[in-house]
Amino acid sequence: MLAIEKLLGIEPPLRAQYIRVMFDEITRILNHLMWLGAHGLDIGAMTMFLYCFRDREDLLDAYEAVSGTRMHATYYRPGGVYRDLPDTMPKYQESRWRSGQYLERINEAREGSLLDFIDAFADKFPSHVDEYETLLTDNRIWKQRTVNIGVVSPERALQLGFTGPMLRGSGIAWDLRKKQPYETYAHVDFDIPVGTNGDCYDRYLVRVEELRQSARIIKQCVSWLRDNPGPVMLNDHKLAPPRRVEMKDDMESLIHHFKLFTEGYGVPAGEAYAAVEHPKGEFGVYLVSDGANKPYRVKVRAPGFAHLSAMNEMVVGHMLADVVAVIGTQDIVFGEIDR
């Protein structure tokens, strides 16, 4: 999205940028909860999986409320976002499993708007992170499985092309949100957690602290969005479809809609690279346009590929069971590696 906007020379409305930052951090929490639940399950902490997926449900509901789908949401569009945040949240319906006081309690946070729901989640979430830490951080079995396992020095982490928590776990405070700010990250306050030893345990601590920092960013975005209504998409019908109400009365709007959905739009010839601080590391897109309505070339820089390539080096001298801890700490998703 950022690469397309860079080639087009456009900037989304400020409200759309804040919405994107808020959902970027929601996605970061979703990713880290998936990682923590699965990583815990891999090395023997089954309760973590249940705790993490309990909290994921609320955030997936927020995604569904705004885009209509729980995963793979096409909510961000060149020029802004698909639509503004809804004023209502879907509620749980009465059933044989949900009724009476229990139903009222679980619907309590859903009485207001989506912003109210996200705000309530960001308020309670740090206490849930405390629960995760109570289970794991000083747990002697967890520390035996992660401390001094898969140690990577800061120098070697840079040489291997590590980014994200893998790099910060080795003690290097590199975060694109701070070092090369995009959207509105320059206007929100947060800290970059770093490790000291570069082992699996440090990378765990870094990601857990990122959960807290993401909730902090979400709170700031919610506060700004409450106070600043406005457009969430550029008013350029060569890039964004006109509203359906306009199409019913205005022939020009109907033509714009037809051409946009049949031909798309041409991006000026040139090349651009744009990267974001993906939950797993630096996720970049190199885009080359020849002026047509399809890219001439697209290269995706997925963070997991560099991390997986270091697997052999990270497990040298360890036990076979430690391979599970190391591949878990890398937060690997094979879809981005073997595409």
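Not measured: the values here are computed from a predicted model.

A. Structural view of the environment of Gly 112. Mapped onto the secondary structure, Gly 112 falls in the loop between helix H4 (100-107) and helix H5 (114-136). Note: C-alpha distance between Gly 112 and His 39 (73 residues apart in sequence) is 35 Å. If near-sequence neighbours (up to four positions away) are discounted, Gly 112 is found in contact with Asp 87, Thr 88 and Met 89.

B. A look at the packing of aromatic side chains. Summed over the entire model, instances satisfying the criterion amount to eleven aromatic pairs. When the centroid spacing of 6.2 Å and the interplanar angle of 70° are considered together, the rings of Tyr 185 and Phe 190 count as edge-to-face. Judged by relative accessible area, Tyr 185 falls into the buried class, the value being 2%. Connected via pairs of aromatic rings, a cluster forms that spans Phe 23, Tyr 63, Tyr 75 and Tyr 76. The ring of Phe 53 has Arg 56 sitting right over it, with the charged end atom 5.2 Å from the ring centre. The residue whose ring lies beneath Lys 178 is Phe 190, and the NZ or CZ to ring-centre distance is 4.5 Å.

C. Spotlight on the sheet that holds strand S3 (residues 270-278). The strand order S3-S4-S5 describes an open sheet built from three strands, whose pairing is antiparallel. For this open sheet the edge positions go to S3 and strand S5 (297-301), each flanked by a neighbour on one side alone. Across the sheet, the mean angle separating the axes of adjacent strands is 10° when strand polarity is ignored. Pairing geometry for S3 and strand S4 (residues 281-289), over nine bridges, is antiparallel. Looking across to S4, one finds that Glu 271 is bridged to Val 288.

D. Focus on the nonpolar core. Among the nonpolar cores identified, the biggest contains 69 residues, and Met 22, Phe 23, Leu 85 and Leu 114 are the most heavily contacted of them. The set of elements that each furnish at least two residues to this core consists of helix H2 (14-42), helix H3 (46-67), H5, helix H8 (165-168), helix H10 (200-227), helix H14 (311-315) and helix H15 (322-329). The greatest single-element share of this core, amounting to twelve residues, is contributed by H2. In this structure, Leu 85 is in contact with Ile 19, Met 22, Phe 23, Val 66, Tyr 75, Leu 114, Leu 115 and Leu 225, ignoring residues within four places of it in sequence.

E. Expanded view of the pattern of salt bridges. As enumerated under the stated definition, the model contains 30 salt bridges in all. Note that Arg 177 is salt-bridged to Glu 25, the shortest N-O span being 3.2 Å. In this pair, Arg 177 is assigned in helix H9 (residues 176-179) and Glu 25 in helix H2, connecting sequence segments 152 residues apart. Take Glu 25: its relative accessible area is 0%, and that puts it in the buried class. One salt bridge in this structure joins Arg 177 and Asp 175, with 2.7 Å as the shortest N-O distance.

F. Highlighting a nonpolar patch on the surface. Among the surface-exposed residues, Met 251, Leu 254 and Ile 255 lie close enough to one another that they form a single nonpolar patch of about 280 Å² accessible area. By secondary structure assignment, the location of Met 251 is in helix H12 (residues 251-263).

G. Main features of H5. With 23 residues, H5 extends 32 Å from end C-alpha to end C-alpha; this agrees with the ideal 33 Å at 1.5 Å per step. Approximately 35° is the largest bend angle found in H5, and it occurs at Phe 125, with the proline Pro 126 only one to four residues beyond. Those residues of H5 that fall on the buried side of the exposure criterion are Leu 114, Leu 115, Phe 117, Ile 118, Asp 119, Phe 121, Ala 122, Phe 125, His 128, Val 129, Tyr 132 and Leu 136. If you follow the buried residues of H5, they end up packed against H2, H3, helix H6 (140-146) and H10.

H. Representation of the layout of surface pockets within the structure. Approximately 650 Å³ is the volume attributed to the second largest pocket. Taken together, 22 residues form the lining of the second largest pocket, with Tyr 82, Met 233, Ala 240, Pro 241 and Pro 242 sitting closest to its centre. Where the lining of the second largest pocket is concerned, the elements lending two or more residues are helix H11 (244-249) and H12. Residues that form the lining of the second largest pocket fall into these classes: 14 nonpolar, three polar and five charged.

I. Spatial organisation of the state of the cysteines. The full count for this structure, using the stated rule, is zero disulfides. Of the cysteine sulfurs around Cys 200, a residue in no disulfide, the closest is that of Cys 52, at 17 Å. Residue Cys 200 is classed as buried on the basis of its relative accessible area, which comes to 0%.

Conventions and cut-offs
- Sequence order sets the numbering: in each chain, residues are counted from 1 along the sequence as written.
- This being a predicted model, a pLDDT of at least 70 is required before a residue's local features are given, and a value of 80 or more before pairs of side-chain atoms are given or counted; all residues contribute to the totals for chains, interfaces and linings.
- Heavy atoms from the whole structure form the basis of all side-chain values; hydrogens and water molecules are not counted.
- Helix and strand definitions follow DSSP, with helices as H or I runs of at least four residues and strands as E runs of at least two, each counted in order from the N terminus.
- Note on contacts: a residue pair qualifies if any of its non-hydrogen atoms lie within 4.5 Å across the two residues.
- Only Phe, Tyr and Trp rings take part, Trp by its six-membered ring, and two of them pair if their centres are within 6.5 Å. Stacked means planes under 30 degrees apart, edge-to-face means over 60, and tilted covers everything else.
- Residue exposure (1.4 Å probe, protein chains only): buried if accessible area is under 20% of the type maximum, exposed if over 50%, otherwise partly exposed.
- Two limits define a charge over a ring: the Lys NZ or Arg CZ must be within 6 Å of the ring centre, and within 35 degrees of the ring normal.
- We treat two strands as partners when DSSP finds at least two bridges between them.
- Helix axes are fitted only over the stretch in contact, all axes being lines through C-alpha atoms; the angle between N-to-C directions runs from 0 to 180 degrees.
- Take the buried Ala, Val, Leu, Ile, Met, Phe, Trp, Tyr and Cys residues and link them wherever side-chain atoms come within 4.5 Å; each set so joined is a nonpolar core.
- We define a salt bridge as a contact between a side-chain nitrogen of Lys or Arg and a carboxyl oxygen of Asp or Glu at a distance within 4 Å.
- Within the patch definition used here, like charges are joined within 9 Å and nonpolar side chains (Val, Leu, Ile, Met, Phe, Trp, Tyr) within 5 Å, considering only residues with over 30% relative accessible area and no salt bridge.
- Using the Shrake-Rupley algorithm and a 1.4 Å probe, accessible areas are obtained, with residue cover drawn only from the displayed protein chains.
- Helix span, expected: 1.5 Å multiplied by one less than the number of residues in the helix.
- In this analysis the local bend is the angle between axes fitted, respectively, to the seven residues ending at and the seven residues starting at the residue.
- Definitions used for this entry: grid spacing 1 Å over protein atoms alone; cavity, a set of points where a 1.4 Å probe fits but cannot get out; pocket, an open set with protein on both sides within 12 Å along at least 5 of 7 lines; lining residue, one with an atom within 4 Å of a point.
- Grid points are joined across faces, edges and corners, and a volume is the space filled by probe spheres set on the points.
- When residue character is reported, Ala, Val, Leu, Ile, Met, Phe, Trp, Tyr, Cys and Pro are called nonpolar, Asp, Glu, Lys and Arg charged, and the others, Gly included, polar.
- In this description, the term disulfide denotes a pair of cysteine sulfurs within 2.5 Å.

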